[in-house]
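Below are the chains, spelled out letter by letter.
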Amino acid sequence: MLCLFGSTFLVRLIAPERCVKSAQTFLLVLLMWQFEGCDYVDSRVTDGRGGGVSLLGLPHEINKTKKHVSELSTCTVLQGRANGSSFAYRSELRHAKRIVVKLGSAVVTRGDECGLALGRLASIVEQVAMLQNQGREMMIVTSGAVAFGKQRLRHEILLSQSVRQALHSGHNQLKDMALPVLEARACAAAGQSGLMALYEAMFTQYSTCTAQILVTNLDFHNDDKRQNLNSTLRELLRMNIVPIINTNDAVVSAPEPNSDLQGVISIKDNDSLAARLAVEMKADLLIALSDVEGLYDSPPGTDDAKLIDIFYPGDQQSITFGTKSRVGLGGMEAKVKAAVWALQSGTSVVIANGTHPKVTGHVITDIVEGKKVGTFFTEIKPAGEYIWNVTEVPVLPASLLKSVLSLNQYSLLFTGSLSAALLKRLSLSPSKLNSLAIGLRQIAVAAQDSVGRVLRRTRVAHNLVLEQITVPIGVLLVIFEARPDCLPQVSALAIASGNALLLKGGKEAANTNRVLHQITQEALSMHGVTDAVQLVSTREEVEDLCRLDKMIDLIIPRGSSQLVREIQRAAKGIPVLGHSEGICHVYIDTEADIDKVIKIVRDSKCDYPAACNSMETLLIHRDVLRTPLFDQIIDMLRTEQVKIHAGPQFASYLTFSPSEAKSLRTEYSDLECCLEVVDSMQDAVDHIHKYGSFHTDTIITENEDTAEKFLHQVDSACVFWNASSRFADGYRFGLGAEVGISTARIHARGPVGLEGLLTSKWVLRGDGHTAADFSDHGTMTYLHENLPVGEPLTSGNDQKGEKVEK
């Protein structure tokens, strides 16, 4: 592929100091780009300072340029804002072309407020340089001159006082010296040049040029000065230079009490400066970094303070602001006022934390990529309050249940290019709905005595009875992918176990899910608990919910192993009940019955290959090879159009083997499977433990001793003898339905039904008992007698066990 780029692109791609060799450099970059297997960056000869030349004689900066070209070839087209309006959704931020990054005093200043946080600043510079090299136009509004100047002046004063003290006393012993209070304007004058020199040195490491701009309020309120400032900034951006802007604190006057002069925000702190600058330059995005995660509905640190992910200016009256930050002039109220003003003028705004050590290194790039970081300001009112954003659908009659199948089939027409396995999961059929109805009735029967059931009753002592009873877990968040029939199943299980439920379904089945959710709410409305089951609409909301450890008690991801891992990473202090891949095995022993083998293997693989309980690896004892049984297995799989992948041992037995399996840990979820040979039942067990996912594994044999050893040794959630792996299912187990099949080793394993959504609590009924009564000097002893749990607790239950004197 030949790519032609104009001179404007060359100027933006290659830093000004290298423009002299732009033509030669760019031709070499194009050549390097085509050799994708070579890594010219790592082949350079360094000089110990990050410089040096590559083996091709190219400067190290050119090698980095090759990397940036590769990044540009795959990045999103930077189209900026449409019609001068702000972005409505986070996902659109990746299109931002002109970006202002505001660094608050708390971000650039050390904890002692004297000097700069160099590591934090270096990380921010790296992110800005990376975005600049992607073709974006970056501007920085920075604090820090006063802190840097304070550090320099204190050093000079201490040095000067040390010399005078030594001369006066005749020796070098120094007494405690009180430092004078340093005036902020003097500190700014002393620190501004050093601050700029630091930025310049840091950006030079990324071959990025910078320019300093000092402004005051008059520069925006005077038309000539404002136009000159605008022209200067645009010219700098055109030349691929990062402007670094700060108020001229050495001469600036005191902040004006009125922050809004005839609709034009004044420059009283760097928050208002950044907002004013972003609007003046028609920036697409303003990122305001401070020492808090974003905007909270009440001061951070207070009880029940909640981070607001998406902020709509119309909800501003619901916010309670605290005091300003430890350094700087502004507080959160000033930030919000400046942000709303910029938003109303067409610039999108995100307020985020620039000091957190775990996120500082990628906070800016994460925001630009549209990730859930900080508070995003939008002029589009979110549906619902803040993070809940429950999907709103019109009230529909229950008769729509008759149309669910039609709607489901209609939706499948617009799902795009999906695999056959995924389409089968998405599709609803009369048989699926019939099984669903039967399962729901089973759940309804089981729900009669599920909550409050006594599991254990113990007479601890006379008139002291202990009970363990079942209680709901609390609030469940269940994320399921392409399985719309999961919604009524999980809803029924949650209600039957007394839990509240938040549901997030796959986008491919969004229409079907909405209708099923509405039918669920209609059924619940008859009992006054319509909102007990709510539907979450977007993936962003799931990320928010995963942080609500005080509100959500259990997260259940039901889908791919990738989904489970993502939820486990996102969950902040909330337990996750999930399963890994459904890598299920069927082992054929030497003493297997031929008819049972054909039936079980066919059912395990071909009945519903998209299910997580379908067979993915067929293990065959080596003595079965080259037997009529083996031939019939292969013929059956071919007839069913199952593609066979050979394991390494099986391939070694054949001159011309099927395609070798890329991995023995593959979940095909289709008419494909791996076939591998083992030397014994013990080898089959070892293979399952090494490559399986502890989901469901089956042995086919007529030898009872062999079967029992297999059932005992295989440590999976479900282990079967002479039965299809497809039985691993809540409905088939008589649970009515399941929220998933857990491969974890916590309170629930295998198909998780009603019992798996319950926990327990201990209830102790006494009569003035104290622990001291049972001490060495007490008057009572423990009885610890088991009592029947099948009858209500009455006074008659405790007639035994008179008070025992020691």
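Data block above holds the structure.
A few points on the structure. (Residues numbered from 1 in each chain as written. Predicted model: local features only at pLDDT ≥ 70, side-chain atom pairs only at ≥ 80, totals over all residues. Heavy atoms only, no water.)

A tally of regular secondary structure across the protein chain gives 24 helices and 26 strands. In the protein chain, buried positions account for 49% of the 806 residues. When contacts within the protein chain are restricted to residue pairs at least 6 apart in sequence, those whose partners lie at least 24 apart make up 72%. (Helix = DSSP H or I, 4+ residues; strand = E, 2+ residues; numbered from the N terminus. Buried < 20%, exposed > 50% of the residue type's maximum accessible area, 1.4 Å probe, protein only. Contact = heavy atoms within 4.5 Å.)

Moving on to helix H7 (residues 184–204). Its 21 residues place the ends of H7 29 Å apart at the C-alpha level, agreeing with the 30 Å of an ideal helix rising 1.5 Å per residue. By the largest-angle criterion, glycine 191 marks the main kink of H7, which is about 40°. (Expected span 1.5 Å × (residues − 1). Bend = angle between axes of the 7 residues up to and from the residue.)

A few words on the environment of threonine 617. Along the polypeptide, threonine 617 turns up in strand E18 (residues 615–621). Placed 50 residues apart in sequence, threonine 617 and glutamate 667 show a C-alpha to C-alpha distance of 8.8 Å. Every residue in contact with threonine 617, bar those within four places of it in the chain, is listed here: Cys584, His585, Val586, Leu664, Cys674 and His687.

All right, on to the pattern of salt bridges then. In this structure the tally under the stated criterion is 22 salt bridges. In this structure, the salt-bridge partner of aspartate 271 is lysine 335, at a minimum N-O distance of 3.6 Å. Of the two residues, aspartate 271 sits in helix H10 (residues 270–280) while lysine 335 sits in helix H11 (residues 332–344), which places them 64 residues apart along the sequence. Take aspartate 271 and lysine 335: they sit in the same class, and that class is buried. In this structure, arginine 726 and aspartate 607 form a salt bridge, with 2.8 Å as the shortest nitrogen-oxygen distance. Here aspartate 607 lies in the loop between helix H20 (594–606) and E18 and arginine 726 lies in the loop between strand E22 (718–721) and strand E23 (741–742), a separation of 119 residues in the sequence. Overlapping salt bridges, with partners in common, bring together Asp223, Arg226, Arg276 and Glu280 in one network. (Salt bridge = Lys/Arg side-chain N within 4 Å of Asp/Glu carboxyl O.)

Moving on: the pairing of strand E2 (residues 137–142). Counting buried positions along E2 gives six out of six residues, so the element sits mostly inside the fold. Because side chains alternate across E2, one face comprises the buried residues Glu137, Met139 and Val141, and the other comprises Met138, Ile140 and Thr142, equally buried. Sheet analysis places strand E1 (residues 98–103) next to E2, joined by six bridges and oriented parallel. Note that in E2 the partner of arginine 98 across the bridge is glutamate 137. (Pairing = 2+ DSSP bridges.)

Closest axis-to-axis distance for the helix H23 (residues 681–691)/helix H24 (residues 704–713) pair is 10 Å, and the angle between their directions is 20°. By the angle between their axes, H23 is roughly parallel relative to H24. Note that H23 runs across H24; the crossing there is right-handed. Touching Met681, Gln682, Val685, Ile688 and His689 of H23 are Thr706, Lys709, Phe710 and Gln713, all from H24. (Axes fitted to C-alpha atoms, helices over the stretch in contact; angles between N-to-C directions. Parallel < 35°, antiparallel > 145°, perpendicular 65-115°, else oblique. Left-handed = near helix turned anticlockwise from the far one by under 90°.)

Right, let's get into the sheet that holds strand E17 (residues 584–588). Strand pairing in a sheet is mediated by backbone hydrogen bonds. Such pairs are either parallel or antiparallel. Taken in spatial order, the six strands of this open sheet run E19-E20-E18-E17-E21-E22, and their pairing is parallel. Two strands bound the open sheet, and with one partner strand each, they are strand E19 (643–646) and E22. For this sheet, the mean angle separating the axes of adjacent strands, direction not counted, is 20°. As judged from the four bridges shared by strand E21 (residues 696–700) and E22, these two strands associate in the parallel manner. Following the sheet pairing, isoleucine 699 is matched in E22 by tryptophan 721. Its contacts with the sheet place helix H21 (residues 628–639) against E17, E18, E19 and strand E20 (672–678), and it is angled at close to 160° to E18. Across the face of the sheet, H23 comes into contact with E17, E18, E20 and E21 while running at roughly 170° to E17.

On to the sheet that holds strand E10 (residues 375–377), then. Spatially, E3-E4-E2-E1-E7-E9-E10-E8 is the arrangement adopted by the eight strands of the open sheet, whose pairing is mixed. The open sheet terminates on both sides in strands that have one partner only, identified here as strand E3 (209–215) and strand E8 (310–311). Direction of pairing for strand E9 (residues 348–353) relative to E10: antiparallel, over a ladder of three bridges. Along E10, the bridge assignment pairs valine 350 with phenylalanine 376. On top of the sheet, helix H5 (residues 118–133) reaches E1, E2, strand E4 (241–247) and strand E7 (285–290); it is set at about 155° to E2, its chief contact.

Further remarks concern the packing of aromatic side chains. Using the criterion set out here, one finds five aromatic pairs in the structure. Measuring from ring centre to ring centre gives 5.1 Å for phenylalanine 311 and phenylalanine 377, while their planes differ by 65°; the resulting arrangement is edge-to-face. Of the two residues, phenylalanine 311 sits in strand E8 while phenylalanine 377 sits in strand E10, which places them 66 residues apart along the sequence. In this structure, phenylalanine 311 and phenylalanine 377 share a single accessibility class: buried. (Phe/Tyr/Trp six-rings, centres within 6.5 Å; stacked < 30°, edge-to-face > 60°.)

Residues Phe727, Phe733 and Leu735 make up a contiguous nonpolar surface patch of roughly 270 Å² in combined accessible area. Among the secondary structure elements, phenylalanine 733 is positioned in the loop between E22 and E23. Residue phenylalanine 733 is classed as partly exposed on the basis of its relative accessible area of 41%. (Patch = residues over 30% accessible without salt bridge, like charges linked within 9 Å, V, L, I, M, F, W, Y side chains within 5 Å. Areas by Shrake-Rupley, 256 points an atom, 1.4 Å probe, with all protein chains shown as cover.)

This next bit is on unusual backbone geometry. In the Ramachandran plot, lysine 282 falls in the positive-phi region, its phi being about 55° despite a non-glycine side chain. Checked against the element boundaries, lysine 282 lands in the loop between H10 and E7.

Any two packed helices are characterised by the angle at which their axes cross and by the distance between the axes. Between helix H15 (residues 430–446) and helix H16 (residues 486–496), whose axes approach to 10 Å, the crossing angle comes to 5°. What the angle tells us is that H15 and H16 run roughly parallel. Facing H15, whose interface residues are Leu436, Leu440 and Ile443, H16 presents Pro488, Gln489, Ala492, Leu493 and Ala496. Here the contact of H15 with H16 is built from residues that sort into seven nonpolar, one polar and no charged. (Nonpolar A, V, L, I, M, F, W, Y, C, P; charged D, E, K, R; others polar.)

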